[in-house]
Amino acid sequence: MTAMPKTPRSNIVALPVSTASAHRLGYIGRVPTSKARDADSWFTPPEYLDSVRAVMGGIDLDPFTSETANEIVGAKRILTVEQSAFDEDWKAGPRGRVFMNPPYSAGLCARAVNRFIDQWEARQFGEGVVLVNNATDTRWFNVLVARCTRICFTHHRISFWNADRKHISGNTRGQAFFYFGRNADKFARIFGKHGFVVTPVGEAGPA
Ligand SMILES: C[S@@+](CC[C@H](N)C(=O)[O-])C[C@H]1O[C@@H](n2cnc3c(N)ncnc32)[C@H](O)[C@@H]1O
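Residues numbered from 1 in each chain as written. Predicted model: local features only at pLDDT ≥ 70, side-chain atom pairs only at ≥ 80, totals over all residues.

Draft legend 1. Looking closely at the overall build of the protein. On a plain count of helices and strands, the protein comes out with six helices and seven strands. Element order for the protein, N to C, with α for helix and β for strand: α-α-β-α-β-β-α-β-α-β-β-α-β. A buried classification covers 43% of the 207 residues belonging to the protein. Once local pairs closer than 6 in sequence are excluded, the contacts in the protein between residues at least 24 apart make up 77%. (Helix = DSSP H or I, 4+ residues; strand = E, 2+ residues; numbered from the N terminus. Buried ≥ 20, exposed ≤ 12 C-beta atoms within 10 Å, placed from the backbone. Contact = placed C-beta atoms within 7 Å.)

Draft legend 2. A look at the site of the ligand. Around the ligand sit 21 residues, and of these Phe-43, Thr-44, Phe-64, Ser-84 and Asn-101 come closest. Across the shell around the ligand, the residue classes break down as 12 nonpolar, seven polar and two charged. (Near = placed C-beta within 6 Å. Nonpolar A, V, L, I, M, F, W, Y, C, P; charged D, E, K, R; others polar.)

Draft legend 3. Just the environment of Glu-47, in detail. Note that Glu-47 resides in helix H2 (residues 46–56). Between the C-alpha atom of Glu-47 and that of His-194, which follows or precedes it by 147 residues, the distance is 9.5 Å.

Draft legend 4. Summary view of the nonpolar core. In this structure, Val-113, Val-129, Leu-144 and Phe-178 are the most contacted members of the largest nonpolar core, which totals 53 residues. Elements supplying a minimum of two residues to this core: H2, strand E3 (97–100), helix H4 (106–121), strand E4 (127–133), helix H5 (139–145), strand E5 (150–154), strand E6 (175–180) and helix H6 (184–191). Examining the composition of this core, we find that eight residues originate from one element, H4, more than from any other. What Val-129 contacts, discounting residues up to four positions off in sequence, is Val-52, Val-55, Met-56, Phe-99, Phe-177, Phe-178 and Tyr-179. (Core = buried A, V, L, I, M, F, W, Y, C linked by C-beta atoms within 7 Å.)

Draft legend 5. Structural view of H6. Listed in full, the buried residues belonging to H6 are Phe-187, Ile-190 and Phe-191. Seen end-on, H6 carries its buried residues on one side only, within an arc spanning 85 degrees. Tucked inside the fold, the buried residues of H6 contact H2, E5, E6 and strand E7 (195–198). (Arc of directions from axis to C-beta.)

Draft legend 6. Region of the structure containing unusual backbone geometry. Phi is positive for Arg-123, which is not a glycine, with a value near 55 degrees. Within the secondary structure layout, Arg-123 lies in the loop between H4 and E4. The class for Arg-123 is exposed, based on 12 C-beta atoms found within 10 Å. The phi dihedral of Arg-165 falls on the positive side, at around 65 degrees, and the residue is not glycine. Positionally, Arg-165 belongs in the loop between E5 and E6.

Draft legend 7. The arrangement of the environment of Val-52 in detail. With respect to the element layout, Val-52 can be found in helix H2. In this structure Val-52 comes out as buried when scored by C-beta crowding, with 25 C-beta atoms within 10 Å. As a C-alpha pair, Val-52 and Val-130 span 78 residues in sequence and 9.7 Å in three-dimensional space. In contact with Val-52, not counting residues within four places along its chain, are Ile-59, Phe-99 and Val-129.

See the structure below:
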């Protein structure tokens, strides 16, 4: 079996994952909230999911989703508002592949990132892709930077879908895909078409 990647890397300072600080630093201009809003349900368009599947070979778990969203994502197992990703163990196994596009509200996004890192470090899955806004000045973004192996910054704003599979207008940010796992070079090759891919070096930290 291939060895698990070591996290965090030695050249990146791992930040403490504190719920208090994560709540404090969310998306700019948004008031942190623990309630799901409509913008928490923007679905990932298929072309990006094709790339996620091409890198990992499939998606075993989508921890933040709904039955409707999973008609597009096609994860083998899902967690939802009812069966919350904050309460359930992710248990995807050492080779389990996770795709996470968390709710966008500041408080929920930060909590989701904390949860993802907790589960990653507890070896509840072996490979993952995280899709979030490119909020490089937030603590939660830097928590991801400190532990991932590659990042793709999209050269555009993703035109997310609603439940009717129509494009949603009003996305005011670019996005970033974080890769966790042993296929970092494959991720770089495949995600190069969506933006520029970087390997984090140096110090990750809050602005
Ligand atoms: C941005 S959408 C992403 C949906 C899907 N993963 C995708 O990429 O198309 C976030 C989803 O998380 C769900 N959600 C909100 N809170 C959750 C929780 N505590 N546990 C699991 N899912 C949750 C929302 O209902 C919503 O469907």
